[in-house]
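# Structural overview for review
Residue-level listing of the chains:
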Amino acid sequence: NPNLSAIVFDQPQVIAFAKKFIAEEGFEDRIRCVSGDVVKDEWPRGGDLILLSYIVSSYRPQALQEMLNRAHAYLPKGGGIFIHDFAMYGDRPGPRNAALWQFANLAISASTYPHRQDEIVAAMTKAGFAEVGMRPHIPDITFLFSGKRL
């Protein structure tokens with residue numbers, strides 16, 4: 001859709017790569033890049049859809065709830081949120097590949113947290129999102145959660 005635009009908001013090292021990729025694809029006029037920390041910094045204005053991809057699994061439950069509260073307050077009525085990330089089944093035995101990723105990532109980051117699917121759905125609902133849903137995305141590893149601000 002030629003009428004779509006986007007804002008990439010991420011750490012400076014990610015933004016440097018994103019700008020290069022966006023330029024190579026010829027989308028500089030439609031995609032704006034802003035450096036920042038999703039937890040600490042003010043989010044760039046103008047979005048009506050938020051995608052948090054591989055972000056949630058880097059934060060503990062309290063930080064996740066605060067991030068979702070901010071997302072809900074940020075979005076206009078009718079805006080939406082997608083969360084794409086690793087998530088564990090309710091009793092946390094898997095999915096196997098998601099569990100292996102979580103275990104391996106603990107060696108890199110002590111803030112890694114193995115959220116359960118039901119915990120993410122509950123946090124989205126508590127933040128005020130409606131029509132919260134979840135479905136597998138990458139088989140046996142990630143899920144896509146969605147919600148809407150009414």
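Predicted model only: the values in this text are computed from it and were never measured.

What follows concerns the overall build of the protein chain. Each helix and strand in the protein chain was counted, giving 4 helices and 6 strands. In the protein chain, the succession of α and β elements from N to C terminus is β-α-β-β-α-β-α-α-β-β. By the compact-globule yardstick of 15 Å for 150 residues, the protein chain fits well, its C-alpha radius of gyration being 16 Å. Along the longest, intermediate and shortest principal axes, the C-alpha atoms of the protein chain span 45 × 35 × 30 Å. Residue pairs in contact within the protein chain that sit at least 24 positions apart in sequence constitute 67% of those at least 6 positions apart. A total of about 8800 Å² of accessible surface is found on the protein chain, and carbon and sulfur atoms cover 57% of it.

A separate point is the sheet that holds strand S6 (residues 142–148). Spatial ordering of the open sheet is given by S3-S4-S6-S5, a layout of 4 strands whose pairing is mixed. Of all strands in the sheet, those with a lone pairing partner are strand S3 (49–53) and strand S5 (130–136), marking the two edges. Put simply, the sheet's adjacent strands are angled 10 degrees from each other on average, direction ignored. Note that S3 and strand S4 (residues 80–86) share 5 bridges and pair parallel. Note on S4: the bridge partner recorded for leucine 51 is phenylalanine 82. The strands touched by helix H4 (residues 117–127) within the sheet are S4, S5 and S6, with S6 carrying the most contacts at an inclination of about 15 degrees.

Moving on to unusual backbone geometry. Although it is not a glycine, tyrosine 54 sits at a positive phi angle of roughly 55 degrees. By relative accessible area, tyrosine 54 is classed as partly exposed at 37%. A positive phi is found at glutamate 131, a non-glycine position, where the angle reads about 50 degrees. Along the chain, glutamate 131 turns up in strand S5.

A few words on the pairing of strand S1 (residues 6–10). Sheet analysis places S1 next to strand S2 (residues 31–35), joined by 5 bridges and oriented parallel. When the sheet's bridge partners are listed, aspartate 10 is paired in S2 with serine 35.

What follows covers the pattern of salt bridges. Going through the model one piece at a time under the given rule, you end up with 3 salt bridges. Residues aspartate 118 and arginine 116 are paired through a salt bridge, measuring 2.9 Å at the closest nitrogen-oxygen approach. Where arginine 116 meets glutamate 119, a salt bridge forms, and the shortest distance between an N and an O atom there is 3.5 Å. Residue classification places glutamate 119 among the partly exposed positions, given a relative accessible area of 22%. Overlapping salt bridges bring together Arg116, Asp118 and Glu119 as one network.

Our focus in this paragraph is the layout of surface pockets. Size it by volume and the largest pocket reaches roughly 1100 Å³. In terms of lining, the largest pocket is formed by 31 residues, of which the most central are Ile7, Val8, Phe9, Leu51 and Leu52. Elements represented by at least two residues in the lining of the largest pocket include exactly S1, helix H1 (12–25) and S3. For the lining of the largest pocket, the per-class residue count stands at 20 nonpolar, 8 polar and 3 charged.

We now examine the environment of alanine 71. With respect to the helices and strands, the residue alanine 71 is situated in helix H2 (residues 61–74). Take alanine 71: its relative accessible area is 0%, and that puts it in the buried class. Taking the C-alpha atoms as reference points, alanine 71 and isoleucine 15, separated by 56 residues in sequence, lie 20 Å from one another. Each residue touching alanine 71, except ones within four places of it in the same chain, is listed here: Trp43, Ile50, Ile81 and Phe129.

What counts and how
Position labels on residues start from 1 in each chain and follow its written sequence. Local features in this predicted model are restricted to residues of pLDDT 70 or higher, and side-chain atom pairs are both shown and tallied only at a pLDDT of 80 or more, whereas totals for entire chains, interfaces and linings draw on every residue. Hydrogens and water are ignored here; the side-chain numbers use all heavy atoms of the structure. Runs of H or I in DSSP of at least four residues are treated as helices and runs of E of at least two as strands, each being numbered from the N terminus. The reference for a compact globule is 2.2 Å times residues^0.38; the radius of gyration itself is calculated from the C-alpha atoms. In what follows, residue pairs with any heavy atoms lying within 4.5 Å of each other are defined as contacts. Methods summary: accessible areas were calculated by the Shrake-Rupley approach with a probe of 1.4 Å, and residue burial reflects only the protein chains presented. Strands are labelled as partners when DSSP assigns at least two bridges between them. Every axis corresponds to a line fitted to the C-alpha atoms, with the helix fit spanning only the stretch in contact, and the corresponding angles, defined between N-to-C directions, vary from 0 to 180 degrees. Categorising residues by exposure relies on relative accessible area from a 1.4 Å probe, with only protein chains included: less than 20% of the type maximum marks a residue as buried, more than 50% marks it as exposed, and the intermediate range marks it as partly exposed. Throughout this description, the term salt bridge denotes a Lys or Arg side-chain nitrogen within 4 Å of a carboxyl oxygen of Asp or Glu. Space inside and on the surface of the protein is sampled on a 1 Å grid over the protein atoms alone, with a cavity defined as a set of points where a 1.4 Å probe fits but cannot get out and a pocket as an open set with protein on both sides within 12 Å along at least 5 of 7 lines; lining residues have an atom within 4 Å of a point. Grid points are joined across faces, edges and corners, and a volume is the space filled by probe spheres set on the points. When residues are sorted by character, Ala, Val, Leu, Ile, Met, Phe, Trp, Tyr, Cys and Pro go into the nonpolar class, Asp, Glu, Lys and Arg into the charged class, and all the rest, Gly among them, into the polar class.

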